[in-house]
Amino acid sequence: MTQTKKQVVLSGIQPSGRLTLGNYLGALRNWVRLQEQYDCCYALVDLHTITARQDPKVLRERCYEFLALYIACGLDPQKNVLFVQSHVAAHAQLAWVLNCYTMVGELNRMTQFKDKSQKNADNINAGLYDYPVLMAADILLYDTAKVPVGDDQKQHLELARDVAIRFNNIYGAPDKPVFRVPEPMIPPVGARIMGLQEPTAKMSKSDDAESNAVYLLDGPDAIERKFKRAVTDSGAEVRYAPEEKPGVANLMSILSAITGESFEAMQARFAGQGYGKFKAAVAEAVIECLKPVQARYKDIRGDEAGLKRVLQSGAERAAAKAEPMLARVHDVLGFIPK
Ligand code: TRP
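The structure presented is a predicted model; accordingly, all values stated were derived computationally and were not measured. (Residues numbered from 1 in each chain as written. Predicted model: local features only at pLDDT ≥ 70, side-chain atom pairs only at ≥ 80, totals over all residues. Heavy atoms only, no water.)

### Description of the pattern of salt bridges
Evaluation of the coordinates by the stated rule reveals 18 salt bridges. Between Glu 210 and Arg 18 there is a salt bridge, with its nearest N and O atoms 3.0 Å apart. Of this pair, Glu 210 sits in the loop between strand E5 (183-185) and helix H9 (220-228) while Arg 18 sits in the loop between strand E1 (8-13) and helix H1 (21-34), and the two are 192 residues apart along the sequence. Glu 210 gets classed as partly exposed once you look at its relative accessible area, which sits at 39%. (Salt bridge = Lys/Arg side-chain N within 4 Å of Asp/Glu carboxyl O. Helix = DSSP H or I, 4+ residues; strand = E, 2+ residues; numbered from the N terminus. Buried < 20%, exposed > 50% of the residue type's maximum accessible area, 1.4 Å probe, protein only.)

### Observations regarding the packing of aromatic side chains
The way to describe two aromatic rings as a pair is by their centre distance and the angle between their planes. Within the structure shown, the criterion is met by 10 aromatic pairs. A ring pair is formed by Phe 167 and Tyr 171, whose centres lie 4.7 Å apart and whose planes are at 40 degrees; its orientation type is tilted. Of the two residues, Phe 167 and Tyr 171 are both situated in helix H8 (residues 154-171); the distance of 4 residues between them amounts to about one turn of the helix. Phe 167 sits in the buried class, given a relative accessible area of 0%. Residue Tyr 171 is classed as partly exposed on the basis of its relative accessible area, which comes to 26%. Among the aromatic residues, those joined into a ring-pair cluster are Tyr 101, Phe 167, Tyr 171 and Phe 179. Looking at Arg 18, its charged tip hangs above the ring of Tyr 215, at a distance of 3.8 Å from the centre. (Phe/Tyr/Trp six-rings, centres within 6.5 Å; stacked < 30°, edge-to-face > 60°. Lys NZ or Arg CZ within 6 Å of the ring centre and 35° of its normal.)

### Re the site of the ligand
In the neighbourhood of the ligand, 13 residues make up the surrounding shell, with Gly 12, Tyr 131, Met 135, Asp 138 and Gln 153 lying closest. Within the side chain of Gln 153, an N or O atom sits 2.9 Å from a nitrogen atom of the ligand. Starting from 360 Å² of accessible surface for the ligand in isolation, the protein chains cover 89%. Within the residue set of the shell around the ligand, elements represented by two or more residues are E1 and helix H7 (126-140). Looking at which element gives the most residues to the shell around the ligand, the answer is H7, with 4 residues. (Near = heavy atom within 4 Å. Polar contact = N/O pair within 3.5 Å; in protein donor to acceptor, adjacent residues only side chain to side chain. Areas by Shrake-Rupley, 256 points an atom, 1.4 Å probe, with all protein chains shown as cover.)

### Section: the packing of H9 against helix H12 (residues 276-302)
When two helices pack together, their arrangement is given by the angle between the helix axes and the distance between those axes. Between H9 and H12, the shortest axis-to-axis distance is 9 Å and the interhelical angle comes to 150 degrees. With respect to their mutual orientation, H9 and H12 come out roughly antiparallel. Where H9 crosses over H12, the two elements pack in a sense that is right-handed. Judged by residue contacts, Pro 220, Ile 223, Glu 224, Phe 227 and Lys 228 of H9 engage Lys 279, Val 282, Ala 283, Val 286, Ile 287 and Leu 290 from H12. Tallied by class, the residues present in the contact of H9 with H12 amount to 8 nonpolar, no polar and 3 charged. (Axes fitted to C-alpha atoms, helices over the stretch in contact; angles between N-to-C directions. Parallel < 35°, antiparallel > 145°, perpendicular 65-115°, else oblique. Left-handed = near helix turned anticlockwise from the far one by under 90°. Contact = heavy atoms within 4.5 Å. Nonpolar A, V, L, I, M, F, W, Y, C, P; charged D, E, K, R; others polar.)

### Some details on the sheet that holds E1
If you trace the 5 strands from one edge of the open sheet to the other, you get E3-E2-E1-E4-E5, paired in parallel fashion. Bordering the open sheet on either side are strand E3 (80-84) and E5, each of which pairs with just one other strand. Here the average twist between neighbouring strands, direction ignored, is 25 degrees. As defined by bridge partners, E1 adjoins strand E2 (residues 39-44) across 6 bridges and the pair is classed as parallel. Considered in E2, the bridge of Val 9 is made with Cys 40. (Pairing = 2+ DSSP bridges.)

### Focus: helix H6 (residues 111-119)
Residues of H6 that are buried: Gln 112, Phe 113 and Ser 117. Down the axis of H6, the sector holding all buried residues measures 125 degrees, keeping them to one side. Facing away from the buried surface of H6 by more than 90 degrees, the exposed residues are Gln 118 and Lys 119. Those residues of H6 hidden inside the fold are in contact with H7 and H8. (Arc of directions from axis to C-beta.)

### Things to note about helix H3 (residues 56-72)
Between its first and last C-alpha atoms H3 spans 24 Å; for 17 residues at 1.5 Å apiece the expected length is 24 Å, and the two agree. Immediately beyond the C-terminal end of H3, within one or two residues, lies Gly 74, with a positive phi of roughly 115 degrees. (Expected span 1.5 Å × (residues − 1).)

### Points about the pairing of E1
With respect to burial, E1 is a largely interior element, 5 of its 6 residues being buried. Between the parallel elements E1 and E2, the chain passes through H1 in a crossover that is right-handed. Pairing analysis gives 2 bridges linking E1 to strand E4 (residues 144-148), with the strands arranged parallel. Residue pairing in the sheet places Val 9 in a bridge with Lys 146 of E4. (Right-handed = clockwise from strand over helix to strand, strands pointing away.)

### Topic: the side chain of Glu 65
Residue placement: Glu 65 occurs in helix H3. Buried within the structure, Glu 65 lacks any salt-bridge partner; Arg 62 is the closest side chain of opposite charge, at an N-O distance of 4.7 Å. Aside from chain neighbours lying at most four places away, what touches Glu 65 is Arg 18, Leu 217, Tyr 297 and Arg 301. (Lys, Arg positive; Asp, Glu negative; His and termini not counted.)

In structure tokens form, the structure reads like this:
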């Protein structure tokens with residue numbers, strides 16, 4: 001019966017910060033390719049986002065902005081389930097259950113919790129600590145086979161797998177596990193875009209330094225300026241050497257990700273010209289790449305009623321998948337069915 005059923009791909013995105021070129025080249029663009037082959041669900045994880053203080057007005061605007069950008073990047077709201085996490089109560093409900101099957105010792109090992117609590121020493125709340133359990137619930141509710149995440153989320157995914165296996169061992173039969181144990185889907189190397197000012201760290205959507213990231217809604221002038229100022233090195237040679245020349249390697253990765261040009265071809269094309277022309281070419285490629293996305297964004301964001309319909313349908317389709325799973329979990333635990 002389930003043979004022809006497509007596998008589920010699920011990912012969550014925090015509606016905080018601003019979506020960057022790194023999100024586009026490293027994630028969003030790949031997700032568009034997945035939409036034919038998999039049953040894809042993407043959640044705007046607002047419940048996760050409140051582990052740090054948010055301005056309510058900004059949070060709401062961000063959710064619409066992110067959704068409109070996803071669609072503008074090519075994610076078809078019919079083919080993908082695009083939804084807001086808080087619209088599907090089963091996420092919080094399953095998170096509670098999984099809390100009782102996650103060890104404090106496991107959560108203590110989460111490096112992101114340690115990093116985040118260091119950065120926000122005045123707001124180390126229980127939600128921040130429990131964040132990975134809610135993420136496990138997001139994933140396990142949907143019978144998810146694959147989870148596209150960046151490197152930084154691998155440890156959380158590993159925890160979700162451990163909790164699923166533990167729960168299955170207690171409540172599942174060998175031929176009938178309760179949860180599917182999800183696999184990570186890590187983007188191919190080179191798809192990882194680094195900061196323009198700090199090319200040894202990932203381009204982040206919640207960076208304070210404006211010039212470190214290219215945002216999907218940046219205009220041509222801003223993009224040009226950011227690439228002009230991008231950190232390179234004291235040399236003048238366009239050559240792919242990520243260890244020795246991380247700035248140049250990152251710019252080459254960006255150009256190659258957009259145009260498909262090989263590093264060798266690039267090296268030959270810009271030989272003996274210094275970095276000026278090269279940077280201008282990268283800027284130009286990025287501007288052209290983002291232009292259609294930005295044009296579509298304007299129309300999509302302008303139709304807020306349309307976005308609300310997408311979320312309404314997304315929430316209904318997500319709940320239709322999540323609720324039977326939650327009911328099954330409650331059932332195996334011995335809760336009386338409703
Ligand atoms: N923790 C993820 C991040 O910050 C976001 C997230 C929440 C997520 N739930 C998820 C990612 C489920 C993948 C699957 O990037």
